[in-house]
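Topology and contacts: notes
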Amino acid sequence: MLAKRVIPCLDVANGRVVKGVNFQNLKDAGNPVDLAKFYDESGADELTFLDISASNEERSTTLEMVSATAEQVFIPLTVGGGIRSVENVNELLRAGADKVSINTAAISNPVLLNQISERFGDQVLVLSVDARRANTASGFEVTTHGGKKSAGIDALGWIKDAVSRGVGEILLNSMDADGTKDGFDIEMIKRVRDICSVPIIASGGAGKKSDFPLAIKAGADAVLAASVFHFGEVKISEAKDEILKAGYSVRR
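Described in the following lines is the structure provided in the data block. (Residues numbered from 1 in each chain as written. Predicted model: local features only at pLDDT ≥ 70, side-chain atom pairs only at ≥ 80, totals over all residues. Heavy atoms only, no water.)

Things to note about the side chain of S203
Relative to the elements of secondary structure, S203 occurs in strand 11 (residues 200-203). Its relative accessible area of 11% is what places S203 among the buried residues. Side-chain polar atoms of S203 contact the side chain of N173, separated by 3.1 Å. Contact partners of S203, with chain neighbours within four places excluded, come to L171, L172, N173, S174, F184 and L224. (Helix = DSSP H or I, 4+ residues; strand = E, 2+ residues; numbered from the N terminus. Buried < 20%, exposed > 50% of the residue type's maximum accessible area, 1.4 Å probe, protein only. Polar contact = N/O pair within 3.5 Å; in protein donor to acceptor, adjacent residues only side chain to side chain. Contact = heavy atoms within 4.5 Å.)

So this is what it looks like as structure tokens:
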């Protein structure tokens, strides 16, 4: 059995880690480089760095901050935000990223997924899907710009298409659950697992340590959280202990 991964997420805006509810009322959670080092030392399996203001501001992710973060961590680093071209991906990988996470640009130009996968391999490419309940074929739609805009497409249909284009992993963020601390969106995870052949990272809603194994049971290969880790409500080790107690393998 492959070990289940626990991944802290650094949502970065204006050079600081922030966290809110449904991407609103953002609170400062610290310096991204310092937090990255802390999580590396705390036993996180990977780290995800999302420049959440890059797409809204129509700019690229700050390479200097990615490079500074990469220097502090010895675990895989996924970077997302404002990626619009193969060259953007090349720059991020050269700055120290191991994987890239794409959302908005892939929706407007799906061929970009094919191009990135063909050049760098599917292990580099993560599709970030900010999904919420809506009147679509599957009952879930894709949103963009931090959940502010509907993309007007069915979430499950989009995931199937993206996987066929070479995406190696799905970062599934429930916009209904994001920041609520009411638990992961179990129904959404199960529905995506049924149609998805690549690993799923479940995101949105973690509030207590017992939430993590429930997401794994629903079909997630990894669990991602932000505020519960940033504000010390759950430790990485505690999340891993709960997953282990539920009968799943984790890395120590």
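Some details on helix 5 (residues 111-120)
Buried within helix 5 are the following residues: L112, L113, N114, I116, S117 and F120. Its buried side turned inward, helix 5 meets helix 3 (86-95), strand 6 (99-102), helix 4 (104-108), strand 7 (125-133) and helix 6 (155-164). Following helix 5 by one or two positions, G121 has its phi on the positive side, about 95°.

Side note on the pairing of strand 8 (residues 140-144)
For strand 8, a buried count of five out of five residues is recorded, marking the element as mostly surrounded by other parts of the structure. Of the two faces of strand 8, both are covered, the one formed by F140, V142 and T144 as well as the one formed by E141 and T143. Relative to strand 8, strand 7 is paired through four bridges, and the arrangement is antiparallel. Each bridged residue has a counterpart across the sheet, and for R132 the counterpart in strand 8 is E141. (Pairing = 2+ DSSP bridges.)

What to know about the nonpolar core
If you look at the biggest cluster of nonpolar residues, it comprises 72 residues, and the most contacted ones within it are L10, L127, V129, I170, L172, F212 and F229. Tallying contributions element by element places helix 6 first for this core, with six residues. Not counting residues within four places of it along the chain, the set of residues in contact with F212 comprises F184, A206, V223, A225, V228, F229, V234, A239 and I243. (Core = buried A, V, L, I, M, F, W, Y, C linked by side-chain atoms within 4.5 Å.)

Looking at the pairing of strand 7
In terms of burial, strand 7 is largely enclosed, as seven of its nine residues are buried. Of the strand pairs in this sheet, strand 6 and strand 7 are connected by three bridges, and their pairing is parallel. Within strand 7, the residue paired with I102 across the bridge is L127. Across six bridges, strand 7 lies against strand 10 (residues 169-174) in parallel orientation. The residue of strand 10 that forms the bridge with S128 is L171.

A look at the state of the cysteines
Defined simply, a disulfide is a covalent bond joining two cysteines at their sulfur atoms. Enumeration over the complete set of coordinates arrives at zero disulfides. The thiol of C9 is unpaired, and the distance to the nearest cysteine sulfur, on C196, comes to 19 Å. You can call C9 buried: its relative accessible area is 3%. (Disulfide = S-S within 2.5 Å.)

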